[in-house]
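As a plain string of letters, each chain reads:
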Amino acid sequence: MDNRRDFLKKTALAGTALVAGGGLLESCKRGDSVRAGNSVGSSKLIVPKAAGVPITGTFLDEISHDIPHQNWGEAEWDRDFAYMKAVGIRDVIVIRCGYRKFLTYPSPYLLKKGCYMPSVDLVDMFCRLSDKYGMKFWFGLYDSGVRYPDGAAEDMENNKFVIEEAWEMYGRKYKSFSGWYLSKEFSRRRMGMIDAYHALGRQCKDISGGHPTFISPFIDGKKQVYKEKEVTVVEHERDWDEIFSGIHDVVDACAFQDGHVDYDELDMYLTVNKRLADKYGMQSWTNAETFDRDMPIRFLPIKFDKLRFKLEAAKRCGYDKAITFEFSHFMSPQSAYLQAGHLYDRYCEYFGI
Amino acid sequence: MDNRRDFLKKTALAGTALVAGGGLLESCKRGDSVRAGNSVGSSKLIVPKAAGVPITGTFLDEISHDIPHQNWGEAEWDRDFAYMKAVGIRDVIVIRCGYRKFLTYPSPYLLKKGCYMPSVDLVDMFCRLSDKYGMKFWFGLYDSGVRYPDGAAEDMENNKFVIEEAWEMYGRKYKSFSGWYLSKEFSRRRMGMIDAYHALGRQCKDISGGHPTFISPFIDGKKQVYKEKEVTVVEHERDWDEIFSGIHDVVDACAFQDGHVDYDELDMYLTVNKRLADKYGMQSWTNAETFDRDMPIRFLPIKFDKLRFKLEAAKRCGYDKAITFEFSHFMSPQSAYLQAGHLYDRYCEYFGI
Amino acid sequence: MDNRRDFLKKTALAGTALVAGGGLLESCKRGDSVRAGNSVGSSKLIVPKAAGVPITGTFLDEISHDIPHQNWGEAEWDRDFAYMKAVGIRDVIVIRCGYRKFLTYPSPYLLKKGCYMPSVDLVDMFCRLSDKYGMKFWFGLYDSGVRYPDGAAEDMENNKFVIEEAWEMYGRKYKSFSGWYLSKEFSRRRMGMIDAYHALGRQCKDISGGHPTFISPFIDGKKQVYKEKEVTVVEHERDWDEIFSGIHDVVDACAFQDGHVDYDELDMYLTVNKRLADKYGMQSWTNAETFDRDMPIRFLPIKFDKLRFKLEAAKRCGYDKAITFEFSHFMSPQSAYLQAGHLYDRYCEYFGI
């Protein structure tokens, strides 16, 4: 009888029979076709559909920095890759392979330095799943948690070993290993930063036979909580002109985070960022954040229309590639934040998926 | 096999077969009878049942101000109206039709001023659902995000157009369109406020042939984070006597928020508020907040007993109508906050629903 | 059709048929065997299994202090006890029977003093469920919310009555009533604290024929937000030597909270704490917190590996008993925080449950 009550209570969380009967990927595929069919019928959009840049890449937030961990095992990750695939994601980027003492993989070098042994080799798992689902896997470098310029040497030294390990342990082995993410998030030119990015990018490309590299910095805008001072777009352009000038030969793409400025300012920044990237022959992507920076809870999934505004702004400004931070917490149907599953639905509805 | 594990893991989140087989409303109705039947059997209440004022109205938190968005589509909203109906809610109030640049409906006037186009006409959807479920729909005015007295003129000017649009677009069309909510939340008398409320209330009533209007202010109590100073109940009564005196001919009801003072002080404030309303021939409702102001996470659903204390205090003080902020996040069985569904159950148990 | 969409959307939240068909406890038992079988197959652990101290006790967070309430009724609590049992928990500890005006049980003494009447007698319910599931129930004393030394007398006076009530109302009646938890959480020696602990411990033991008592203090470490100053381990040992010296004849065990110091410092503190307890013939348990203190949301479930680090540190330092704060929010498959269910799975996987 108690269970009968539950039956009724959680109708919105339901879902068994179809899934139970089939394999994961098949049920996801079926799910999406069913989902799309229904979505079209169920909401009345008053804006043009698919007018934004679609999201084709996502970070994998391991090691988690300020987003609570979901404690997924391989079964959940496998299912999440299926959900990603169904929605058009083809690139997955481990945001950092380690942060301070926490690691995603059993790095011989970092373990000797006192880092903690992880219970699962997440990099190996992500590579296997990327192979299985035909994704491109990007490896995010280690973050020592130091500040530049003082910590630059330490960061460089650590990553010298990490890059080598990553290539030997995963790069040579997995077909899906496709590129490198230089994980340090800068907002402006700092002493030592250009040299560091350049040296790391160079090493990544050399060891891997030229695999692409990218960065995903943030703009020191009004929503950046820890900012030293809010920059003007002029300062922003001047700083990044100098940075791109110094790194463009070893960094292939730049995906600025789109959440630190107001929706109104986004066209301006997107335009400047693309102009700079074009000038130096780099690709310009947008990192369309799927969490909401405007709420007191830090952080839950973004309101769909805000995401739409940002993807449409990117389209207007000539972008053709969007990645996001990140699918699994903020957009996945199996996220612990149930708003994420609804964002997934709204996204599918809008893009006709 | 993986799915089999999930079967067991999430027993509390289960629920499919009954719902899948029937229409939404029917399954909700059935659900509630089943729910009630079980609830009676499963918990041992040691207090008298239904000793509080029942909640018969709820805000619809669009545009969301500090509560993260659930990203529901029309299917989820339709289901939520069914859940509301089942629990006795008859009034739904859009808390504001717009806030700064974010809109619930495609306002020709506000879009021209630079507001963002929403992907769905939520006001239209809420009116349709209100018609479908026999609810009374209340339209909340636009909030320019300005501070009084400086911004009063801007707020007034914008709403002059918004009220006209709302009436033309929805008021004339939908049977459920029943009243107006003057959405600016004041705590005390401010320069310009009485004039503003009076003008807006007057316009709302004139255009709609006298549809009722109401306000839902807060008390500058100890839990009001942004307070300038905590008021005494004497100051509170003096301020609101002056305000009611100035607006009572065009504002039909006042529903003070009940969450800013301690549970101990509530009888005192409820008594004063009702005395004032009675004096001016206004109706006195209580806005029984269903989120918890006492926790570090801002905000999750309230503990049932706290809600009960507040509804019982209202009953003791002679109130007969309670609305809430708000059902869909904090009390709905399909809320992303699962505590809300359990609050729904506790509420049904207590009121014998 | 709408429901069909939901079927697919929430695959991770599914789970009905097996549970619906059987009793709660049976389905949990079956669930765990299925769970374990699958877990072994589905994740690839690269660390030795079960190398940490298993958790065999949990607090019951009623009255909730800074963790939002789940609004569970008896059905949910019954199910949670089944989940606890399945994972090896044998001790349940009501963290406090009352806090300021909020009560878990209808205390004649405290109600007369103005506390609020609870709608359910939670202590009675927890005792009944403990009897049903073969758990040991521990009763947590009342917290007046006062600061020591000024409030010590008030706290002592109140608890003098509360201990008597608890023993008369529940201790004599329920087989599961097994011990007492002295609920005041201290970090260091404070004036009046030793006398208070001693007097309360003495009374608890005397009235109940020697039932065991324990405390669960915190370390004034770097993660203690409200600390006056961060203590060194030397100061910590000196303070607690004095405290244990004064209370060891009436306090049987001490379970320091393990979340206020860094993972690196834990061995040091665990060693010191055990040395002290051994010196005074007390038992040394660890309170392995299952919420994450490193995240901006206060608080969500901890990342499994962090919990593992702490349980393994306890094992290394010679501990054999771990309790947690707390199962129902942070580790239960039916928690409103879905990360908790996944933590449960990871925990089962690691311990081969």
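The notes below deal with the structure included here. Just so it is clear, the structure is predicted and the values come from calculations on it, not from any experiment. Residue numbers here run from 1 along each chain, matching the order of that chain's written sequence. Following the order in which they are written, the chains are lettered starting with A and the ligands numbered starting with 1. Given that the model is predicted, a residue must reach a pLDDT of at least 70 before its local features are reported, and side-chain atom pairs must reach 80 or more before they are shown or counted; all residues, however, enter totals for whole chains, interfaces and linings. To get the side-chain values, take all heavy atoms of the structure and skip hydrogens and water.

Examining helix 10 (residues 266-279) of chain A
Residues and elements named next belong to chain A.
Part 1 of the argument: Here helix 10 spans 20 Å end to end across 14 residues, near enough to the 20 Å set by a 1.5 Å rise per residue.
Part 2 of the argument: Relative accessibility under 20% of the residue-type maximum defines a buried residue, over 50% an exposed one, and the middle range a partly exposed one, all with a 1.4 Å probe and only protein chains included. In this text, helices come from DSSP runs of H or I with a minimum length of four residues, and strands from runs of E with a minimum of two, each type numbered from the N-terminal end. Taken as a whole, helix 10 has its buried residues at Leu-266, Tyr-269, Leu-270, Val-272, Asn-273, Leu-276 and Ala-277. Looking down the long axis of helix 10, one finds its buried residues gathered within 165 degrees of arc, a one-sided arrangement.
Part 3 of the argument: Note on helix 10: the residue one or two positions beyond its end, Gly-281, has a positive phi of about 70 degrees. One less than the number of residues in a helix, times 1.5 Å, gives the span that helix is expected to have. Read the arc as the range of directions from the helix axis to the C-beta atoms.

Topic: the pairing of strand 8 (residues 253-257) of chain B
Residue and element names in this part refer to chain B.
Part 1 of the argument: Counting buried positions along strand 8 yields five of five residues, so the element is predominantly enclosed.
Part 2 of the argument: Side chains Ala-253, Ala-255 and Gln-257 of strand 8 all project onto a buried face; the interleaved residues Cys-254 and Phe-256 project onto the opposite face, where all are buried too.
Part 3 of the argument: Note that strand 7 (residues 213-215) and strand 8 share two bridges and pair parallel. The residue bridging Ile-215 from the neighbouring strand is Cys-254, located in strand 8. Two strands make a pair as long as DSSP finds a minimum of two bridges between them.

Things to note about the packing of aromatic side chains
Part 1 of the argument: Each Phe, Tyr or Trp ring, with Trp reduced to its six-membered ring, pairs with another whose centre is within 6.5 Å; inter-plane angles below 30 degrees give stacked pairs, above 60 give edge-to-face pairs, and intermediate values give tilted ones. Per the stated rule, a full pass over the model turns up 114 aromatic pairs over all chains.
Part 2 of the argument: When the centroid spacing of 4.9 Å and the interplanar angle of 45 degrees are considered together, the rings of Phe214(B) and Trp285(B) count as tilted. Taken as a pair, Phe214(B) in strand 7 and Trp285(B) in strand 9 (residues 283-287) lie far apart in primary sequence, 71 residues in all. With respect to burial, Phe214(B) and Trp285(B) carry one shared label: buried.
Part 3 of the argument: Relative to Tyr344(B), the ring of Phe327(B) lies with its centre 5.9 Å away and its plane at 70 degrees, an arrangement referred to as edge-to-face. Here the residue Phe327(B) occupies a position in helix 12 (residues 327-330), and Tyr344(B) occupies one in helix 13 (residues 338-351), the gap between them amounting to 17 residues. Accessibility assignment for this pair places Phe327(B) and Tyr344(B) in one class, buried.
Part 4 of the argument: The structure contains a cluster of three or more aromatic residues connected by ring pairs, namely Phe59(A), Trp138(A), Tyr181(A), Phe214(A), Trp285(A), Phe291(A), Phe299(A), Phe325(A), Phe330(A) and Tyr337(A).
Part 5 of the argument: Charge over a ring is defined by NZ of Lys or CZ of Arg lying within 6 Å of the ring centre and within 35 degrees of the ring normal. Of note, Lys306(A) hangs over the ring of Phe102(B), and the distance from its end group to the ring centre comes to 5.6 Å.

Observations concerning the environment of Asp61(C)
Residues and elements named next belong to chain C.
Part 1 of the argument: Along the chain, Asp-61 turns up in the loop between strand 1 (55-60) and helix 4 (74-86).
Part 2 of the argument: In this structure Asp-61 comes out as buried when scored by relative accessible area, which is 3%.
Part 3 of the argument: What Asp-61 contacts, discounting residues up to four positions off in sequence, is Ile-67, Ile-95, Arg-96, Phe-325, Glu-326 and His-329. Any two residues whose heavy atoms approach within 4.5 Å are treated as being in contact.

Comments concerning the packing of helix 4 (residues 74-86) of chain B against helix 6 (residues 122-133) of chain B
Residue and element names in this part refer to chain B.
Part 1 of the argument: Throughout, an axis means a line fitted to C-alpha atoms (over the contacting stretch in the case of helices), and angles, computed between N-to-C directions, take values from 0 to 180 degrees. Where helix 4 contacts helix 6, the two axes come as close as 10 Å, and the packing angle between them is 40 degrees. When the axis of helix 4 is compared with that of helix 6, the two are oblique. Read as a crossing pair, helix 4 and helix 6 show a hand that is right-handed. Across the interface between the two elements, Glu-74, Trp-77, Asp-78, Phe-81, Ala-82 and Lys-85 from helix 4 touch Met-125, Phe-126, Arg-128, Leu-129, Ser-130, Lys-132 and Tyr-133 from helix 6.
Part 2 of the argument: Any residue outside Ala, Val, Leu, Ile, Met, Phe, Trp, Tyr, Cys, Pro, Asp, Glu, Lys and Arg is labelled polar, Gly included; the first ten of those are nonpolar and the last four are charged. Among the residues forming the contact of helix 4 with helix 6, the class breakdown is seven nonpolar, one polar and five charged. Roughly parallel means an angle under 35 degrees; roughly antiparallel means over 145; roughly perpendicular covers 65 to 115; every other angle is labelled oblique. Whether a crossing is left-handed or right-handed is set by the direction in which the near helix is turned from the far one by less than a right angle, anticlockwise for left-handed and clockwise for right-handed.

Quick notes on the environment of Asp143(C)
Residue and element names in this part refer to chain C.
Part 1 of the argument: Its location among the elements puts Asp-143 in the loop between strand 5 (136-140) and helix 7 (152-171).
Part 2 of the argument: Placed 145 residues apart in sequence, Asp-143 and Ala-288 show a C-alpha to C-alpha distance of 22 Å.
Part 3 of the argument: Setting aside chain neighbours within four positions, we find Asp-143 in contact with Arg-96, Gly-98, Tyr-99, Arg-100, Asp-155 and Lys-184.
Part 4 of the argument: Reaching out from Asp-143, the side chain makes a polar contact with the side chain of Lys-184 at a distance of 3.2 Å. In the analysis that follows, any N or O atom pair within 3.5 Å is treated as a polar contact, provided that within protein one partner can donate a hydrogen and the other can accept it, and provided that, for residues neighboring in sequence, both atoms belong to side chains.

Points about helix 11 (residues 304-316) of chain B
Part 1 of the argument: Helix length check: helix 11 of chain B, at 13 residues, gives a terminal C-alpha distance of 18 Å against a target of 18 Å (1.5 Å per residue), a fit within 8%.
Part 2 of the argument: The buried fraction of helix 11 of chain B is high, at eleven of 13 residues.
Part 3 of the argument: Buried residues in helix 11 of chain B make contact with strand 1 (55-60), helix 10 (266-279), strand 9, strand 10 (322-324) and helix 13 of chain B together with strand 4 (102-103) of chain C.
Part 4 of the argument: Once helix 11 of chain B finishes, Gly318(B) follows within two positions and takes phi at roughly 90 degrees, a positive value.

What to know about unusual backbone geometry
Part 1 of the argument: Put simply, Phe325(A) and Glu326(A) share a cis peptide bond, and its omega is -25 degrees.
Part 2 of the argument: The omega torsion of the bond from Glu62(C) to Ile63(C) falls at 0 degrees, within 30 degrees of zero and hence cis.
Part 3 of the argument: Tracing the backbone through its elements, the reader meets Ile63(C) in the loop between strand 1 and helix 4.

Observations concerning the side chain of Ser335(C)
Part 1 of the argument: Turning to its location among the elements, Ser335(C) is positioned in the loop between helix 12 (327-330) and helix 13 (338-351).
Part 2 of the argument: Ser335(C) sits in the buried class, given a relative accessible area of 1%.
Part 3 of the argument: A polar contact is formed between the side chain of Ser335(C) and the backbone oxygen of His329(C), at a distance of 2.5 Å.
Part 4 of the argument: A distance of 2.9 Å separates a polar atom in the side chain of Ser335(C) from the backbone nitrogen of Tyr337(C).
Part 5 of the argument: Each residue touching Ser335(C), except ones within four places of it in the same chain, is listed here: Leu338(B), Gln70(C), Trp72(C), Ser328(C), His329(C) and Ala340(C).

With respect to the sheet that holds strand 6 (residues 142-143) of chain A
Residue and element names in this part refer to chain A.
Part 1 of the argument: Read across the open sheet, the three strands follow the order 4-3-6; overall the sheet is mixed. Each edge of the sheet is formed by a strand with only one pairing partner; in this case those strands are strand 4 (102-103) and strand 6.
Part 2 of the argument: Examined bridge by bridge, strand 3 (residues 98-99) and strand 6 share two bridges and lie parallel to one another. Looking at strand 6, one finds that Tyr-99 is bridged to Asp-143.

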